[in-house]
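# Per-entry structural report
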Amino acid sequence: MHGLKQWIQVAVMALLVLTVMAAEGGKAEKQGKKERKSDCGDWQWSVCVANEGDCGLGTREGTRTGTDCKQTIKTQRCKIPCNWKKKFGGECKYDFQAWGECDLATGKKNRTGVLKRALMDATCAATVTASKPCGKIPKTKLQDAKKQKKEGKKRERIQMD
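Reading the values: rules and limits
- Residues numbered from 1 in each chain as written.
- Predicted model: local features only at pLDDT ≥ 70, side-chain atom pairs only at ≥ 80, totals over all residues.
- Heavy atoms only, no water.
- Helix = DSSP H or I, 4+ residues; strand = E, 2+ residues; numbered from the N terminus.
- Buried < 20%, exposed > 50% of the residue type's maximum accessible area, 1.4 Å probe, protein only.
- Contact = heavy atoms within 4.5 Å.
- Areas by Shrake-Rupley, 256 points an atom, 1.4 Å probe, with all protein chains shown as cover.
- Patch = residues over 30% accessible without salt bridge, like charges linked within 9 Å, V, L, I, M, F, W, Y side chains within 5 Å.
- Salt bridge = Lys/Arg side-chain N within 4 Å of Asp/Glu carboxyl O.
- Core = buried A, V, L, I, M, F, W, Y, C linked by side-chain atoms within 4.5 Å.
- Pairing = 2+ DSSP bridges.
- Axes fitted to C-alpha atoms, helices over the stretch in contact; angles between N-to-C directions.
- pLDDT = per-residue confidence, 0-100.
- Disulfide = S-S within 2.5 Å.

Along its length, the protein chain carries two helices and seven strands. Ordered by position from the N terminus, the helices and strands of the protein chain form the series α-β-β-β-β-β-β-β-α. Among the 161 residues that make up the protein chain, the fraction classed as buried is 16%. When contacts within the protein chain are restricted to residue pairs at least 6 apart in sequence, long-range pairs at least 24 apart make up 41% of them. A total of about 13,700 Å² of accessible surface is found on the protein chain, and carbon and sulfur atoms cover 55% of it.

Attention now goes to a nonpolar patch on the surface. On the surface, a cluster of nonpolar side chains totalling about 500 Å² of accessible area is made up of Leu4, Ile8, Val12, Met13 and Leu16. Considering the arrangement of structural elements, one finds Met13 in helix α1 (residues 2-38).

What follows concerns the nonpolar core. Listed in full, the five residues of the largest apolar core are Cys48, Ala50, Cys55, Cys78 and Ile80. In this structure Ala50 touches Cys55, Leu57, Gly58 and Ile80, once residues within four positions along its chain are discounted.

Read across the open sheet, the three strands follow the order β5-β6-β7; overall the sheet is antiparallel. The sheet terminates laterally at β5 (92-96) and β7 (127-133), the two strands that pair on one side only. Recorded for the sheet is a direction-independent mean angle of 45° between the axes of neighbouring strands. As defined by bridge partners, strand β6 (residues 108-118) adjoins β7 across seven bridges and the pair is classed as antiparallel. Within β7, the residue paired with Lys109 across the bridge is Lys132.

For the rest of this paragraph, the subject is the environment of Thr123. Inspection of the secondary structure assignment puts Thr123 in the loop between β6 and β7. Between the C-alpha atom of Thr123 and that of Glu91, which follows or precedes it by 32 residues, the distance is 8.6 Å.

Here the protein chain averages 75 in pLDDT, while 69% of its residues score no lower than 70. Mean pLDDT across the elements of the protein chain bottoms out in helix α2 (residues 140-160) (58) and peaks in β6 (89).

Bridge count for β5 against β6 is five bridges, and the pairing is antiparallel. Its bridge partner lying in β6, Cys92 is registered against Ala118.

So, about the state of the cysteines. Using the criterion set out here, one finds four disulfides in the structure. Each disulfide pairs two cysteine sulfurs, and for Cys40 the partner residue is Cys69, the sulfurs being separated by 2.0 Å. Of the two residues, Cys40 sits in the loop between α1 and β1 (44-45) while Cys69 sits in the loop between β3 (56-63) and β4 (73-80), which places them 29 residues apart along the sequence. In this structure, Cys40 and Cys69 share a single accessibility class: buried. Two residues share a disulfide in this structure: Cys102 and Cys134, whose sulfurs sit 1.9 Å from each other. When the S-S torsion is 95°, as for the bridge of Cys102 with Cys134, the disulfide is right-handed.

So, about the environment of Phe96. Structurally, the position occupied by Phe96 is in strand β5. Counting along the chain gives 32 residues from Phe96 to Val128, while the straight-line C-alpha distance between them is 8.9 Å.

Before going further, it helps to examine the environment of Gly100. Relative to the helices and strands, Gly100 resides in the loop between β5 and β6. Exposure remark for Gly100: the relative accessible area of 30% places this residue in the partly exposed category. In the structure, Gly100 is positioned 10 residues away from Asn110 in sequence and 5.5 Å away in space, judged by C-alpha atoms. Residues within four places of Gly100 in sequence aside, it is in contact with Lys109 and Asn110.

Here it is in structure tokens:
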């Protein structure tokens with residue numbers, strides 16, 4: 001009976017040793033896989049190109065380098081929001097300040113935008129400036145001249161009657 005106990009203890013110890021060795025071997029395999037993945041470079045993405053027009057659904061192409069990479073080129077679906085300012089890139093969203101005062105020399109007003117979000121790691125300027133025509137500029141001198149002209153015509157009509 002004493003000999004049987006010893007054999008059971010030896011068998012249990014052997015099983016434990018085999019289990020530990022198998023677990024260590026699995027970890028070594030996983031580390032090897034991780035090392036191979038690190039050979040692949042990061043994905044570099046092109047800008048999103050809309051399927052129709054200049055906004056909406058589209059595609060972009062990604063490339064990466066590496067000798068052991070299974071995939072070095074792939075295409076991905078993307079979307080360019082139609083309400084974003086395309087002038088600054090369809091993948092860059094900015095928070096804009098209020099429009100500034102009208103510059104009478106240029107006839108335009110400006111505002112500055114600070115980068116809020118870039119889609120798909122797009123390269124965007126940190127700040128941008130937008131400008132637009134001032135619109136109607138009050139012309140007090142011209143308006144006054146027109147009023148005088150109208151009043152003069154009224155006087156002429158009254159005198160004729």
